[in-house]
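Working through the structure, step by step
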Amino acid sequence: MRLSTRNQLDGTVVSVTRGEAMAVVRVRLTGGDEITSSITRDAVDDLGLAEGSTVKVLIKSTEVTLGIE
């Protein structure tokens, strides 16, 4: 599959925490950093995501906000 999204990071699922309708998927990236994604429980099931699953994290955003104290 070819995608227009340029920010594509390889990683491994560390955990999947299911809520009522959504799930939080924590992914360890190749370099060791971790990122989380909130997706529907149906999407977790459709993709067969579980701890140890190899995934590609796709990031597409029109706004990125940074803050400092």
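Residues numbered from 1 in each chain as written. Predicted model: local features only at pLDDT ≥ 70, side-chain atom pairs only at ≥ 80, totals over all residues. Heavy atoms only, no water.

Per an unreviewed UniProt entry, the recorded name for the protein chain is Molybdenum-pterin-binding protein II, and the organism is Nocardia africana.

**Looking at the UniProt feature "domain: Mop" (unreviewed entry) in the protein chain**
Feature annotation in UniProt assigns "domain: Mop" (unreviewed entry) to the following positions: residues 2-68. Taken end to end, residues 2-68 is 10% helix and 49% strand, and its two terminal C-alpha atoms sit 37 Å from one another. (UniProt positions renumbered as here; feature names shortened; annotations may be inferred. Helix = DSSP H or I, 4+ residues; strand = E, 2+ residues; numbered from the N terminus.)

**Looking at the layout of surface pockets**
Taken as a whole, the largest pocket holds about 330 Å³ of empty space. Ser 37, Ile 39, Val 55, Lys 56 and Val 57 are, among the 14 residues lining the largest pocket, the residues nearest its centre. Of all elements in the fold, only β2 (22-29), β3 (34-40), α1 (41-47) and β4 (54-59) reach the threshold of two or more residues within the lining of the largest pocket. Across the lining of the largest pocket, the residue classes break down as eleven nonpolar, two polar and one charged. (1 Å grid on protein atoms, 1.4 Å probe; cavity = no way out; pocket = protein on both sides within 12 Å on 5 of 7 lines; lining within 4 Å. Points joined across faces, edges and corners; volume = space filled by probe spheres on them. Nonpolar A, V, L, I, M, F, W, Y, C, P; charged D, E, K, R; others polar.)

**Describing the environment of Ala 50**
Along the chain, the position of Ala 50 falls in the loop between α1 and β4. Residues Ala 50 and Val 25, spaced 25 residues apart in sequence, show a C-alpha to C-alpha distance of 8.8 Å. Ignoring anything within four residues of it in the chain, the contact list for Ala 50 reads Val 13 and Val 16. (Contact = heavy atoms within 4.5 Å.)

**Here's the deal with the pairing of β2**
Here β2 shows a buried face lined by Ala 23, Val 25, Val 27 and Leu 29 and an unburied face lined by Met 22, Val 24, Arg 26 and Arg 28. Relative to β2, strand β1 (residues 7-18) is paired through seven bridges, and the arrangement is antiparallel. Its bridge partner lying in β2, Thr 17 is registered against Val 24. Across seven bridges, the pairing between β2 and β3 is antiparallel. Note that in β3 the partner of Val 27 across the bridge is Ile 35. (Buried < 20%, exposed > 50% of the residue type's maximum accessible area, 1.4 Å probe, protein only. Pairing = 2+ DSSP bridges.)

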